Amino acid sequence: MTKKRTGVFVCHCGTNIAATVDVAKVAKEMAGENTVAFTQEYVYMCSEPGQESVVQAIKDNKLDSVVVTCCSPNLHEKTFRDNAERAGINNFTCEIANIREQCSWVHNDKAKGTEKAIKISRSVVRRVNRNQALDAVAVNVTRRAMVIGGGIAGIQAALDIANAGIEVVLVEKQATIGGRMLQLSETFPTLDCSQCVLSPKMVEVKRHPKIKLMTYSDVQEVTGSVGNFRVKVHKRSTFVDPDKCKICDHCTVVCPVVVPNEYELNLTARRAIYIPYAQAIPASFTLDEDACLGLNPVVCGKCKDVCEAGAIDYDMRSQTVVEDVGAIVVATGFDLYDQANMQELGGGKIEDVLDGLQFERLCSASGATQGHVLRPSDHKEPKEVVFIQCVGSRDPAKHCAYCSKICCMYTAKHARLYKKHVPDGRAYVFYIDIRSGGKGYEEFVQRTMEDDDTLYLRGRVSKLYRHNGKVRVLGTDTLTGQNVEIDADMVVLALAMVPSKGTTEIAKVLKIGRDKDGFMAEAHPKLRPVESVTGGIYLAGAAQAPKDIPETVAQAGAAAAKVIALLSQATLNRSPLIAKVRRSHCTGCGMCVEACPFIAIRLEGGKAVVNEALCEGCGSCSATCLRAAIDVKNVTQLQIYEMIEACLAV
Amino acid sequence: MSEQQVYEPRIVAFLCKWCSSAGSDLAGVSRIQYPANATPITVPCTGAISPMYIMSAFNKGADGVLVSGCHIGDCHYIEGNYLARRKMKLIMELLEFIGVEPNRFRMSWVSAAEGAKFAKVVTDFVNDLKPLGPQDKLKKAEHT
């Protein structure tokens, strides 16, 4: 190995580094390393003149490697590697020593901070001594995308991507697309009918030549990486051919099986053969295999007998479909916090205590009561309704610590819808604070209070129980300090938004991170809000955090733009930092084959062979090999040993 | 080390790139102060940390070695931290067997969202190492 000529560039970062690290001393110590041919300090190395000086220094001093001691590599590794390339040397010969986040910002003692900064810098200088020049591997991009989840987020993302001319596979678990928004009656703050806004988009999805719609389907397995994912989708059988079904409804009339209707949040019942909504897309019935008497003409077969279109096929089988896509958008939405957790509010066992979505179905013209607000227990019009906000939200001791963001607004909307349906009724709202940030939102809440004469009570409800055919609500009005007792005909709980079951499942399949509350984690809270940490996987809607429809649509559009930008490239550069076998040292023991999580290593002729297309460069193989015969490029065992030594040098 | 100086344990901290290194970055961004005793080495994954690295650090005079990675189940490479956990358990047993305090080695799970936890892990480790004094059982002569 010829001796390297390394340049070390020490950044002051204004005073961010220089205040607690003696940068001159760091530069001087690095100059003492025998491979360092040049050192320089500068106040802002990432500024235009700073970057130029790096390029110039590489050229003038014939440097072949570069170490920049500055901030985290997440910020400027790419910046300086690009500069290395501009100066004519390989970009993988440039490494960052993080002396800001991991040093100057966390240690006030300048002597100790300087000592640590020197150790960090020296370890990276030693590492770079053995860095190889590597070329990024260009891989072809599959110019197709997948959107997982067919709610408003997924629909919007799919349409935006498809309108750019890129084929989209939209996968939805349920029998229809539309998601939670399809269950809503009206939407705040304009009180447009939710279905009137959403249905045309659903039809557009169905008709779009670039969208392949897969409903009643689950994503089972995802392999590959950015640009080239392979997704296995399990398409459950609906036993009804959607192309033949005329949605004439004859089958439901004869079906003898009655089960709770989950689309109506169990407020009504449905048959074993059913259509979730009249406006469902695809417009077709679905036969619920679990509820059906047995898909066997000998046992029942009534639906098949009456189907004039011949759409019902008991022999239809589930299938597994493999889709190759370059990018994935996760839009798996939210569920409501389980009422069973709210023991003080009855744990879901008190009649006429509903959740917000159930109330939406009561208000909806397509819902259980055809848009008449009737309480479930006796189908009478409720004259006094209590709405309770923050149920399960903002309660770090017992429930969810976060604010679910939309409940203040939808409760105000519920109160207004209720007054529209029952003009002589009385609405009460228990709240902690009103959070109505958004265009037209505050005005909306004010109108609920003033025009609709809704009584807002600041305080929490301590108990709910049945009393004389009503629900007794015990609470406190903290503004007057009075205890409040209301005998309500109906109570509506604004339950917290939690990640949907599908969100939890898909995070495991995709191996993408979730935050402390279980929502999908974004790559950066401010600068990369629609990207997951994994390249090529993007986030949209309430799977990432509680959000309302306008925000969801905006985020879905942003995710689509990211997908379009990614898939507009003919090829992508894949990191060349992958495993490499030293054949002379390999004994063919096969331990690396066992250790590899990506099945990227196999034995061939008694030696380990790495499949470069599958290797992700995790290094599990290297840590397992007893003879140091396999290493990740530029993170070799030899390099780590030398870094350890540098960290401990006195 | 002169006699007047207080003993400061020297720690090598192996951090995985995806979680704990990002977590230590967050500690920085949040300006959470912690002792400067641990020098970080960022690796792709805790699964890439050979037990030999840990022994090598002790050989070269480390008073403590920290390995920190993604929480179990959250590994970017699917199962690297499971592999690490198994190996690190053996390291603890090996250290005990050869007469080195197993407390000189520590493993923690720090996610990219846990800056404060990272600072606490290092602070606690330094405090726990101080009563043990310098590690010289495995230290090679040329490194004294």
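Residues numbered from 1 in each chain as written. Chains lettered and ligands numbered in written order. Predicted model: local features only at pLDDT ≥ 70, side-chain atom pairs only at ≥ 80, totals over all residues.

**Student:** Which residues make up the overall build of chain B, and what are the values?
**Tutor:** Helices and strands together make up the secondary structure of chain B, namely four helices and four strands. Counting helices and strands in the order they occur from the N terminus, chain B gives β-α-β-α-β-α-β-α. The globule rule puts the C-alpha radius of gyration for 144 residues at 15 Å, and the 15 Å found for chain B is close to it. Across its three principal axes, chain B shows a C-alpha extent of roughly 45 × 35 × 20 Å. Across the 144 residues that make up chain B, the buried fraction comes to 56%. (Helix = DSSP H or I, 4+ residues; strand = E, 2+ residues; numbered from the N terminus. Rg over C-alpha atoms; globule rule 2.2 N^0.38 Å. Buried ≥ 20, exposed ≤ 12 C-beta atoms within 10 Å, placed from the backbone.)

**Student:** With reference to specific residues and values, describe the overall build of chain A.
**Tutor:** The number of helices and strands found in chain A is 18 helices and 34 strands. Projected onto its principal axes, the C-alpha coordinates of chain A cover approximately 90 × 70 × 40 Å. When the 650 residues of chain A are sorted by exposure, 49% land in the buried category. Long-range pairs, those at least 24 residues apart, make up 69% of the contacts in chain A with a sequence separation of at least 6. (Contact = placed C-beta atoms within 7 Å.)

**Student:** Quick one: what's the story with the confidence of the model for chain B, residue by residue and with numbers?
**Tutor:** Interpretation of the predicted coordinates at a detailed level should be avoided for regions scoring low in pLDDT. Of all residues in chain B, 94% have pLDDT values of 70 or greater, and the mean over the chain is 91. Complex prediction metrics read pTM 0.80 and ipTM 0.96. (pLDDT = per-residue confidence, 0-100.)

**Student:** So what about the sheet that holds strand 6 (residues 144-148) of chain A? Which residues, and what values?
**Tutor:** Residues and elements named next belong to chain A. Spatial ordering of the open sheet is given by 10-7-6-18-29, a layout of five strands whose pairing is parallel. The strands lining the two open edges of the sheet, one partner per strand, are strand 10 (211-214) and strand 29 (537-539). Between one strand and the next, the sheet's axes are offset by a mean angle of 20°, whatever the strand orientation. Both strand 18 (residues 327-330) and strand 29 contribute to a ladder of three bridges, which runs parallel. Bridge assignment links Val329 to a residue of strand 29, and that residue is Tyr538. (Pairing = 2+ DSSP bridges. Axes fitted to C-alpha atoms, helices over the stretch in contact; angles between N-to-C directions.)

**Student:** Lay out the domain arrangement of chain A in plain terms, naming residues and giving numbers.
**Tutor:** Along its sequence, chain A is organised into domain 1 (6-129), domain 2 (144-236 + 320-333 + 500-567), domain 3 (334-498) and domain 4 (579-632). Centre-to-centre separation of domain 1 of chain A and domain 4 of chain A, based on C-alpha positions: 33 Å. (Domains from an automatic or database assignment.)

**Student:** Give a detailed account of the nonpolar core, specifying residues and quantitative values.
**Tutor:** The tendency in soluble globular proteins is for nonpolar side chains to be buried as a group. Residue and element names in this part refer to chain A. If you look at the biggest cluster of nonpolar residues, it comprises 134 residues, and the most contacted ones within it are Ala145, Ala157, Ala158, Val329, Val330 and Val491. Two domains share this core, each providing at least three of its residues, namely domain 2 (144-236 + 320-333 + 500-567) and domain 3 (334-498). Those residues in contact with Ala158, other than ones at most four positions away along the chain, are Val147, Val168, Leu170, Val205 and Ile211. (Core = buried A, V, L, I, M, F, W, Y, C linked by C-beta atoms within 7 Å.)

**Student:** Let's hear about the sheet that holds strand 2 (residues 36-42) of chain A: which residues, and what values?
**Tutor:** Residue and element names in this part refer to chain A. Strand order in the open sheet made by the four strands is 2-1-3-4, with parallel pairing throughout. Of all strands in the sheet, those bounded by a partner on one side alone are strand 2 and strand 4 (94-98). Ignoring strand direction, the axes of neighbouring strands in this sheet form an average angle of 20°. In this fold helix 2 (residues 48-60) packs onto strand 1 (6-11), strand 2 and strand 3 (65-70), with an angle of close to 165° to the strand it touches most, strand 2. Here helix 5 (residues 110-129) sits on the sheet and contacts strand 1, strand 2, strand 3 and strand 4; the angle it forms with strand 4, its principal contact strand, is near 165°.

**Student:** A description of helix 8 (residues 194-207) of chain A should follow, citing residues and the corresponding values.
**Tutor:** All names here are of chain A. With 14 residues, helix 8 should cover 20 Å at 1.5 Å per step; its first-to-last C-alpha distance of 20 Å lies within 8% of that length. Regarding helix 8, the residues found buried are Ser194, Gln195, Leu198, Met202 and Val205. The buried side chains of helix 8 occupy one side of the element, clustering within an arc of 90° when seen end-on. Pointing more than 90 degrees away from the buried face of helix 8 are the exposed residues Cys196, Pro200 and Arg207. Residues of helix 8 that are buried in the fold lie against helix 6 (152-163), strand 7 (167-171), helix 7 (179-183), strand 8 (186-187), strand 9 (192-193) and strand 10. (Expected span 1.5 Å × (residues − 1). Arc of directions from axis to C-beta.)

**Student:** Got a sec to walk through the packing of helix 1 (residues 20-29) of chain B against helix 4 (residues 115-129) of chain B? Specific residues and values, please.
**Tutor:** Residues and elements named next belong to chain B. Where helix 1 contacts helix 4, the two axes come as close as 7 Å, and the packing angle between them is 95°. Looking at the two axes, helix 1 sits roughly perpendicular to helix 4. Only Gly115, Ala116, Lys117, Phe118 and Ala119 of helix 4 make contact with helix 1, whose side of the interface consists of Ser20, Gly23, Ser24, Leu26, Ala27 and Val29. (Parallel < 35°, antiparallel > 145°, perpendicular 65-115°, else oblique.)

**Student:** Can you lay out unusual backbone geometry for me, pointing to particular residues and giving the numbers?
**Tutor:** Residue and element names in this part refer to chain A. Cis geometry is found at the peptide bond from Phe188 to Pro189, where omega equals -5°. Along the polypeptide, Pro189 turns up in the loop between strand 8 and strand 9. The amide bond that connects Ile281 to the next residue, Pro282, takes the cis arrangement and shows omega of 0°.

**Student:** Please set out the interface of chain A and chain B residue by residue, giving values where relevant.
**Tutor:** The partner chain B presents 36 residues to the 40 residues of chain A that form the contact. Elements with a minimum of two residues in the side of chain A that touches chain B: helix 4 (100-104), helix 5, helix 17 (620-624) and helix 18 (637-648) of chain A. Top element by residues in the side of chain A that touches chain B is helix 18 of chain A. It accounts for eight residues. Taken together, the residues that form the side of chain A that touches chain B break down as 16 nonpolar, 13 polar and 11 charged. (Nonpolar A, V, L, I, M, F, W, Y, C, P; charged D, E, K, R; others polar.)

**Student:** Which residues make up the pairing of strand 12 (residues 228-235) of chain A, and what values do they have?
**Tutor:** Residues and elements named next belong to chain A. Relative to strand 12, strand 11 (residues 217-225) runs antiparallel, the two being bridged by eight bridges. Bridge pairing in strand 12 places Ser217 opposite Lys235. Examined bridge by bridge, strand 12 and strand 17 (residues 319-325) share seven bridges and lie antiparallel to one another. Residue pairing in the sheet places Phe229 in a bridge with Val325 of strand 17.

**Student:** Before we move on, could you go through the environment of Pro40 of chain B and cite the residues and values that matter?
**Tutor:** Locating Pro40 of chain B in the fold gives a position in strand 2 (residues 38-43). In this structure the C-alpha to C-alpha distance between Pro40 of chain B and Ser21 of chain B, which are 19 residues apart in sequence, comes to 8.3 Å. What Pro40 of chain B contacts, discounting residues up to four positions off in sequence, is Gln102 and Ile120 of chain A together with Ala13, Leu15, Ser21 and Ser24 of chain B.

**Student:** Just give me the short version of helix 12 (residues 407-421) of chain A, but keep the residues and values in it.
**Tutor:** Taking 1.5 Å of rise per residue, 15 residues should cover 21 Å, and helix 12 of chain A covers 20 Å from first to last C-alpha, within 8% of that figure. Judged by how many residues are buried, helix 12 of chain A sits mostly within the fold: 13 of 15 residues are covered.

**Student:** I'd like a rundown of the packing of helix 1 (residues 23-31) of chain A against helix 5 of chain A, residues and numbers included.
**Tutor:** Residues and elements named next belong to chain A. Axis separation between helix 1 and helix 5 bottoms out at 10 Å; the angle between their running directions is 35°. Two packed elements cross with a definite hand, and for helix 1 against helix 5 that hand is right-handed. Taken together, the residues of helix 5 that come into contact with helix 1 (itself represented by Lys25, Val26, Glu29 and Met30) are Thr114, Ala117, Ile118, Ser121 and Val125. For the contact of helix 1 with helix 5, a count of residues per class yields five nonpolar, two polar and two charged. (Left-handed = near helix turned anticlockwise from the far one by under 90°.)

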